Amino acid sequence: MKRLRWDALSEPEKRAALARPAQRRDVRVTDTVRAIFEEVEREGIVAVNRWAVDLDGAPAERLALTAEVVAQARTSLSDAELKALDAAIDNVRFYHEATAPKTIAVETAPGVLCRQTWRPLETCGLYVPAGSAPLVSTLIMLAIPALVAGVPQRVLVSPPSKSGETHPALIVAAAACEIEAIWRIGGAQAIAALTFGAGLPKADKIFGPGNAYVAEAKRYAAALPGGPMVDLPAGPSELLVVADGSADVAFVAADLLSQAEHDADAQVLLVSPSNDVLDAVEAEVERQLETLPRRAIARASLDQARFIKTRDVAEAIVVVNAYAPEHLSLVVSDGEAASADVRNAGAVFLGHNGAESYGDYVAGPSHVLPTDGAARSWSGVSTASFMKSLTIQQIDAEGVARVAGAAATLARLEGLEAHARAAEIRVAAPKAKSSEVVTRRRRAEVLRETRETRVEVTVDLDRRTPPFIATGVGFYDHMLQQVAQHGGVALSLTCKGDLEIDAHHTIEDCALTLGQALKQALGERRGIARYGFVLPMDEAEAKVSLDLGGRPYLVFEGTFAQAQLGDYPTEMTEHVFRSLAQSMGAAIHVSVTGENDHHKTEACFKAFGRALRQAIAIESQDLPSTKGVIA
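Described below are features of the structure shown in this document. Everything quoted here is computed from the prediction, not taken from an experiment. (Residues numbered from 1 in each chain as written. Predicted model: local features only at pLDDT ≥ 70, side-chain atom pairs only at ≥ 80, totals over all residues. Heavy atoms only, no water.)

Okay, helix H12 (residues 295–302) next. Regarding H12, the residues found buried are Ala 298, Ser 301 and Leu 302. Seen end-on, H12 carries its buried residues on one side only, within an arc spanning 100°. Contact partners of the buried residues in H12: helix H10 (249–260), strand E11 (267–272) and helix H11 (275–289). (Buried < 20%, exposed > 50% of the residue type's maximum accessible area, 1.4 Å probe, protein only. Helix = DSSP H or I, 4+ residues; strand = E, 2+ residues; numbered from the N terminus. Arc of directions from axis to C-beta. Contact = heavy atoms within 4.5 Å.)

A few words on the pairing of strand E13 (residues 327–331). In terms of burial, E13 is largely enclosed, as 5 of its 5 residues are buried. The side-chain alternation of E13 yields two buried faces, one formed by His 327, Ser 329 and Val 331 and the other by Leu 328 and Leu 330. Here strand E10 (residues 238–243) runs beside E13; their pairing, made up of 5 bridges, is parallel. Its bridge partner lying in E13, Val 241 is registered against Ser 329. With 4 bridges joining them, E13 and strand E14 (residues 347–350) adopt parallel strand pairing. Within E14, the residue paired with His 327 across the bridge is Ala 347. (Pairing = 2+ DSSP bridges.)

The next subject is the sheet that holds strand E26 (residues 587–593). The strand order across the open sheet built from 4 strands is E21-E22-E26-E23, with neighbouring strands paired in mixed fashion. Every interior strand has two partners, whereas the edge strands, strand E21 (531–534) and strand E23 (553–557), have only one. Across the sheet, the mean angle from the axis of one strand to that of its neighbour is 5°, orientation sign disregarded. Relative to the sheet, helix H20 (residues 572–584) contacts E23 and E26, its axis offset from that of E23 by approximately 160°. (Axes fitted to C-alpha atoms, helices over the stretch in contact; angles between N-to-C directions.)

For the rest of this paragraph, the subject is the state of the cysteines. All chains considered together, the criterion is met by 0 disulfides. As a non-bridged cysteine, Cys 177 has Cys 124 as the owner of its nearest cysteine sulfur, 15 Å distant. Judged by relative accessible area, Cys 177 falls into the buried class, the value being 0%. Distance from the sulfur of Cys 604, which forms no disulfide, to the nearest cysteine sulfur (Cys 510) is 18 Å. (Disulfide = S-S within 2.5 Å.)

This paragraph deals with the packing of helix H2 (residues 27–43) against helix H9 (residues 212–223). One way to put it is that H2 packs onto H9 with a least axis distance of 9 Å and a crossing angle of 55°. With respect to H9, the axis of H2 lies oblique. The way H2 lies across H9 gives a crossing that is right-handed. From H2, Arg 28, Val 29, Thr 30, Thr 32, Val 33, Arg 34, Phe 37 and Glu 38 reach across to H9, where they touch Ala 212, Tyr 213, Glu 216, Ala 217, Tyr 220 and Ala 221. Tallied by class, the residues present in the contact of H2 with H9 amount to 8 nonpolar, 2 polar and 4 charged. (Parallel < 35°, antiparallel > 145°, perpendicular 65-115°, else oblique. Left-handed = near helix turned anticlockwise from the far one by under 90°. Nonpolar A, V, L, I, M, F, W, Y, C, P; charged D, E, K, R; others polar.)

It is worth spelling out the sheet that holds strand E20 (residues 490–497) at this point. Spatial ordering of the open sheet is given by E17-E18-E20-E19, a layout of 4 strands whose pairing is mixed. The open sheet has two edge strands, strand E17 (443–449) and strand E19 (468–470), and neither has a second partner. Across this sheet, the average inter-strand angle for adjacent strands is 5°, counted without regard to direction. Examined bridge by bridge, strand E18 (residues 453–460) and E20 share 8 bridges and lie antiparallel to one another. Each bridged residue has a counterpart across the sheet, and for Thr 458 the counterpart in E20 is Ser 492.

A separate point is the environment of Ala 363. Tracing the backbone through its elements, the reader meets Ala 363 in the loop between helix H15 (356–361) and strand E15 (387–395). Along the primary structure Ala 363 and Ala 345 are separated by 18 residues, whereas in three dimensions their C-alpha atoms are 17 Å apart. In this structure, Ala 363 is in contact with Asn 91 and Tyr 358, ignoring residues within four places of it in sequence.

We now examine the nonpolar core. If you look at the biggest cluster of nonpolar residues, it comprises 58 residues, and the most contacted ones within it are Tyr 476, Phe 577, Ile 588 and Phe 608. No other element matches helix H21 (residues 597–616), which puts 9 residues into this core. Residue contacts for Tyr 476: discarding those within four places in its chain leaves Thr 471, Thr 506, Ile 507, Cys 510, Ala 511, Tyr 568, Val 576 and Phe 605. With 43 residues, the next largest nonpolar core counts Leu 85, Cys 124, Ala 174 and Cys 177 among its residues. (Core = buried A, V, L, I, M, F, W, Y, C linked by side-chain atoms within 4.5 Å.)

Below, the discussion takes up the pairing of strand E3 (residues 104–109). Strand residues, when the strand is regular, have side chains that alternate between the two faces of the sheet. Across 5 bridges, E3 lies against strand E4 (residues 112–120) in antiparallel orientation. Bridging across to E4, Val 106 finds its partner in Cys 114. Once E3 ends, the chain turns through 2 residues before running back antiparallel as E4, passing Gly 111 with a positive phi of about 90°.

This is the structure:
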């Protein structure tokens, strides 16, 4: 283990401190991989078997997972082991089913329907390391998301043991993940076989971690013309732990050793603002190391370890983002705050109980994660990794009328006349409007002009941007800002009005126009929650309940002692809510009590915003009415 102080290092020294083990870039690795691929491309399965015999002691062999094979394997495992496998598979499957990508339909403009839908890949190669240890967890973390995605052909490859067999746990887990067979082959020769379809099915995409040879083989395969995609750069394991004075040094040492025991190329780093923590963890690592069955491997890995002293946790996160670890453990007093600044990491484990081992086996997300700094731009394996998305665009007559002109104009701007004509020719031949229920853009622009005022309102119920309000009545501007901010909507409202006598017309017309815009944005109100209710808040007790069912009604309970709050007449508060109720088609009940009229008024508007946020939330695609209509 090497001790370093981050603020004492030059930039080149910092890069050197965070460098991965040199063997990962050893020229012997790349030369061997190239030779394997060239021979397999030229000779096919003959070359695959030659390399397999040379490196694994046996040619490639397909082990069919028949009922007899699986039953025999189960007898080799204890009840506890079988239950643990079932628990892990159940958690991983539940997580990946819950996070699987779903088809989304969006109407970007009236009549312009765009859908994003997902399809599984045809054939995926799943590489499961098993040389020094049977990584049954990796099998689960690959096979389950592939199953959930619906990949029809999942080709599992895994090196045989020294005796030429496959560990019973791998057989049982593979069968539970609905894998039909295991190909006994490992290393770069397995990746080459999947790349060229040499004796094995040809893979569209190859998944799984491995040693330096496997990682290089995947890089090489992906770079070939017509070669397969790969999941991510997944080489030897790595863990970075950030620990402050609150950390349990025994926990930290155990976590570091859990990764160091993978193989000699694994790398662990400890970053801490506390020299005491660094000293204590180093001593604890040595103590725990003595009783590890794989201590020789862990010791070799620890030769690549770095213990880095930083000024504080914030500087430790700078180190994290520079290193971009596969696994990151944040054992600090405020892990949530620290995690907010993490940009580059494959998986993050928070708090004293966030052992990386739980993520390896039973938490749910796949533990197949980017290594070697690839977390700067890669994510870990998920259900989506085994799928590809398609976009489907459908435009009806109304959509054509809305977009043809802009499309033709932009085409001519680029000098593409045929594009422009293809856009314009459809104006005369519109198609039937789609009846599909979609997620519609809930946006409206309303201009309302009277003799006294000219009010312009733009509202978007599905965006949140800083509100822009300019009515000429300062306190009213502030109140409408509260509605937008607490309602979680984008709102722009401007008014040019006659304020020479009083603000009554301006305030009421702004409320009416805002209500009209909200009504227009809600459209047919399909799928909304419809009801909103807010309990008392702040010193002033304000309660607002809201029903967007279409029937206008106001109940306002509350009085104000002050006639004016700046240039805002307090008597207008009730008028504002009455105008909103009438113009947006809503039942609004307001109740406010308290001593401070400023706070009481502000509480009313804030509470309305909060109730609105609840009521406009999309819950389904159904009309929020037992009658089937909004009236």
